[in-house]
Amino acid sequence: MMKKLMLFLCMILLIPAVKAAEPNPSVKYIQRTMKALEESTAENPARVRVLFYGQSIVAQEWTKMVQQDLIAKYPTVKFTFQNNAIGGYTSERLVRTSESDLYPWYPDLLFFHVYGSTEKYEEIVRNVRQRTTAEIVLWTSHLNAKQSVQQMRDQRDQRSKEILAVADKYHCMVIDLNKKWCDLLHKNGWAPGKLLQDSIHLTPKGCKYYAQFISEEIVRLPGTSGEESVSGSIRKIALSDPAVQKNADHSVSVKFKGNRISAVSGPNWSKSANAKILLDGKDPAVFKDLWINTRTSCCPKWMPSIYSVRFNVPLIKEKWTLTALPDSAKDGKKIHYKVSGSITGSDGEGFSTEDFVSPSGRVVIPKGSFNTMFGYFKMDLPKDYKVVWQSIPLFADPYYPGETGEPSVLIQNCSNEEHVLTIIPTGKIDIEAFIVNTPAK
């Protein structure tokens, strides 16, 4: 009996060890985020902002499954999740709505996928690199109901090739979901539409596989911390740093290089206190780049009425209303409108088929900016058609502290250069440190 046992053990030792699957090489491009997740503790939790952006596929339930998986793996992390996907919006439209939905939200980690022009797809990725410090996750598309599983396994489709090329060019993590999807269908002998509820959208089971294919590759590479030359840097400046100067009038000045700076709140802040901030000695309100217009109200259905509302001058904090006039076309293809701001007041009239610049310069709507898909939804332009949005600052106005340890944005979207921020308190303030985001140039 003992001889048989020894023989068995020897045979086990001679069996080659099963080599663990190698991680996706491009996962190295999200290791700043992964390091923060892994090192988070209950006493010192990481705070991570995660944005999902794209169209209807990214609006489906699989994104919530990925979120739940991250929460389960990293229970001490204080996640902020946001999904700003817009169903039906290809890259040609999304490149415009991203001005209000993507760059101002300034995620730590971006999950991005969209159909349409890969030229506009690339433009969005390029803008993320230039305007934020987000680490980016891209992936190739799953199959639609009409594609051939065998053909897609034998030869890569052109769109997958282009997505992989964009990921390589901008050093993004890329997941070859298309290959995984094809292999899954082939292995089980399933038709291309097996996991779809129509020609393209996922069934609940399809969502589970989609989430699995994404989540299983979001892993930590020990000893790495992301690549600053790719996604820029996020640095903490302690109060003891030479860049911070405490002035005789109790104001605090900090020198920084980047396009975003936040203050981390300490525990000893007077509840009645707040602080005014200056950028390079000026009121932040005078800088045009420190303002945005929010996503407009939706019509038809869930789609923004206008892709983006631009402006030529610094804004003021107010609400805007665009109202269609009676001579507007019933099918919504030519809208005659007037605009009015809650503070600015009446600010001109225009037509959706023409470029419009309001007298104040606070509303700029190029022709072709209106969503005209009323016919697609078999509906007319509503008789009381109105579009509303808000002009909001990308700076603290004034600065109020968050909870202890919570970073609060002071300035965002300033030029990615050297600046001096000055904080002028009205009472007792307690700032533990500053956090500076510097996109890679």
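Residues numbered from 1 in each chain as written. Predicted model: local features only at pLDDT ≥ 70, side-chain atom pairs only at ≥ 80, totals over all residues. Heavy atoms only, no water.

If a probe as big as a water molecule is rolled over the atoms, it shows which places are left empty. When its volume is computed, the largest pocket comes out at roughly 1,200 Å³. A36, A46, R47, I234 and I435 are the residues nearest the centre of the largest pocket, which is lined by 39 residues in total. Looking at the lining of the largest pocket, the elements with two or more residues in it are α2 (31-39), β1 (47-54), β2 (78-83), α10 (228-231), β6 (233-238), β8 (252-265), β17 (407-425) and β18 (431-438). Ranked by the residues each element gives to the lining of the largest pocket, the list is headed by α2, at five residues. A per-class count over the lining of the largest pocket returns eleven nonpolar, 13 polar and 15 charged. (1 Å grid on protein atoms, 1.4 Å probe; cavity = no way out; pocket = protein on both sides within 12 Å on 5 of 7 lines; lining within 4 Å. Points joined across faces, edges and corners; volume = space filled by probe spheres on them. Helix = DSSP H or I, 4+ residues; strand = E, 2+ residues; numbered from the N terminus. Nonpolar A, V, L, I, M, F, W, Y, C, P; charged D, E, K, R; others polar.)

The next point concerns the nonpolar core. Grouped together as the largest cluster of nonpolar side chains are 45 residues, with contacts concentrated most on W62, F111, W139 and W181. Here the element with the most residues in this core is helix α9 (residues 204-215); it accounts for six residues. Those residues in contact with W139 that sit more than four places away from it in its chain are V58, W62, F111, F112, H113, I163, V174, I175, L177, Y210 and I214. Core analysis: the next-biggest nonpolar cluster, separate from the first, contains 29 residues, L94, A134, L138 and I163 among them. (Core = buried A, V, L, I, M, F, W, Y, C linked by side-chain atoms within 4.5 Å. Buried < 20%, exposed > 50% of the residue type's maximum accessible area, 1.4 Å probe, protein only. Contact = heavy atoms within 4.5 Å.)

Moving on: unusual backbone geometry. Residue P300 is reached from C299 by a cis peptide bond, and omega for that bond is 5°. Along the chain, the position of P300 falls in the loop between β10 (291-293) and β11 (318-324). Across the junction of D397 and P398, the peptide omega takes the value -5°, indicating a cis bond. Inspection of the secondary structure puts P398 in the loop between β16 (386-393) and β17. Even without glycine at this site, H250 takes up a positive phi of about 75°. Relative to the elements of secondary structure, H250 occurs in the loop between β7 (244-246) and β8.

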